[in-house]
Every structure is written in C-alpha cells, then in structure tokens.
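Descriptive analysis of the structure
For reference, the chains in residue letters:
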Amino acid sequence: MSNLKHSPESGPRTPGPLRRPGRRQVLAGLAGIAALPLLAACSADDPLAAQAGNADGKNYIAGDGSVLEIGPEERGEPVQFSSTLFSGEPISTDSLVGDPAVLNFWYAACAPCRVEAPDLQALHEELEPQGVRFVGVNVRDTVATAQAFERNFGITYPSVEDLNGQVLLAMTDYVPPQAVPTTIVLDRQGRVSARILGIAERSTLRTLITTVLDEQV
C-alpha cells in the first residue's frame, strides 16, 4: 500500500495500479478480524480504546492515519454499491449523489474505531446542516452489538450492515479488507476524493470534507 500513502503535507496523489481482491479474499479478511469483547465505556476509561495503535495478536491493521487525497480532475468513476441499513432501510450510492458523503468502515470491538467515534459524531453534527452525509459500514457486528456501540458513543448517523462484505468488496480499490477503521470521503458525484487509513483525526477529516464542499459543481 506504499504507493497510496502520503502525509497530509505531501499534497494530492492519485492511486497507483491496484490488484483488486476477489470476494473470497475480502470475506477471508473479514473472518480474520478478532472477536474481541464489547466494552461499554467510551472515553479514556475504555480499556479497549486504549489498545488503539497496537494490533499485535488482534488480526486487524492498525492504520497510521495516512491520507490519500485525489484532485477533482484525477478521480475515477463514481463508486457503486447498494445495501441495507441496520434500521432496515435500503441505501445505495445513487441516494448519496448530489451531496458530499463520508463512509466510515468500523466494528464495535475495534479499538481505533472507538477512539475516533466521538470525533465522527461531532463532525456529523457540525456538517450535516451543509448537506454532508455520514454513513457507517459495519463489517462484522450483529444489529444488537452495533446498536449498543451507537448508544454508548451517541452515534446518530446510520450504518450499513456489511457482514457479507458486499460494500467492502465494492470499495476494495480504496479499502484493504482488514484495514479497519478506514474513512472515505466522496464528492458530490460519488467519486472518492480522499481516504484515511486508521484513526480519522478530526481536523484532518474536516479539511478533506471542506475541500469537497468548496468545489464548484
């Protein structure tokens, strides 16, 4: 993945040629995610969140927060997926087109996911009035586990149930199967404009979203 990573200071970069994993590889990556216990606390008192950055023995990639940003003229085709939210409502990329969107890949026992959750919710509250859509993509949890996480962290934006890896498979040009959390920013046309591997730092993600908001359509 070294051809994709760069620091926020290094400027925009387009993704190089990628080998697109097959469905079997994606599902194998999901199966390898460790079944860690769900803990209720959601701050510095959260022992699981304290493990963020140390993936040893936990079967997930502890991303370093590296950023991929793609200029408007260099973005690929709009991404395409359709799935179902935990609420039972259908969702597709067609329903996101027209507004900037943020896709966050997560699961409840992922330590980095727990660290970034409050910042994601805060950005959702801040930017929703400007039309920005936040959608979680949960790669391993049951409805009950996902909803418990959302209650604990006060998450009010919806999440997709992706146990079968359907959405992850559609996004494998940008989201490695075990790189959770990963956060994707889509422009108003549904094209990937930015990606953060690992914990999405609040000010960095805000800047990436604001860039898309400020673009002339």
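To start, this report covers the structure provided alongside it. (Residues numbered from 1 in each chain as written. Predicted model: local features only at pLDDT ≥ 70, side-chain atom pairs only at ≥ 80, totals over all residues. Heavy atoms only, no water.)

**Concerning the pairing of strand E8 (residues 192–197)**
The buried fraction of E8 is high, at 6 of 6 residues. Where strand E1 (residues 67–69) lies against E8, 3 bridges are found, and the strand directions are antiparallel. Of the residues in E8, the one forming a bridge with Val67 is Ile196. Bridging between strand E7 (residues 182–186) and E8 involves 5 bridges; their strand directions are antiparallel. (Buried < 20%, exposed > 50% of the residue type's maximum accessible area, 1.4 Å probe, protein only. Helix = DSSP H or I, 4+ residues; strand = E, 2+ residues; numbered from the N terminus. Pairing = 2+ DSSP bridges.)

**Some points on the pattern of salt bridges**
Counted under the stated rule, the structure contains 5 salt bridges. We note a salt bridge from Glu215 to Arg75, for which the minimum N-O separation is 2.6 Å. Of this pair, Glu215 sits in the segment after helix H5 (202–213) while Arg75 sits in the loop between E1 and strand E2 (82–84), placing them 140 residues apart in sequence. Residue Arg206 is joined to Glu126 by a salt bridge in which the shortest nitrogen-to-oxygen separation is 3.1 Å. Taken together, the positions of Arg206 in helix H5 and Glu126 in helix H2 (residues 111–127) put the pair 80 residues apart, joining distant regions of the chain. Since its relative accessible area comes to 26%, Arg206 is described here as partly exposed. Here Glu126 falls in the partly exposed class, since its relative accessible area comes to 33%. (Salt bridge = Lys/Arg side-chain N within 4 Å of Asp/Glu carboxyl O.)

**Side note on the nonpolar core**
Of all hydrophobic cores here, the largest spans 52 residues; its most connected members are Leu103, Phe105, Met171, Ile184 and Ile209. Those residues within four positions of Ile184 in sequence are excluded, and the remaining contacts are Ala101, Val102, Leu103, Phe105, Met171, Tyr174, Val175, Val192, Ala194 and Arg195. (Core = buried A, V, L, I, M, F, W, Y, C linked by side-chain atoms within 4.5 Å. Contact = heavy atoms within 4.5 Å.)

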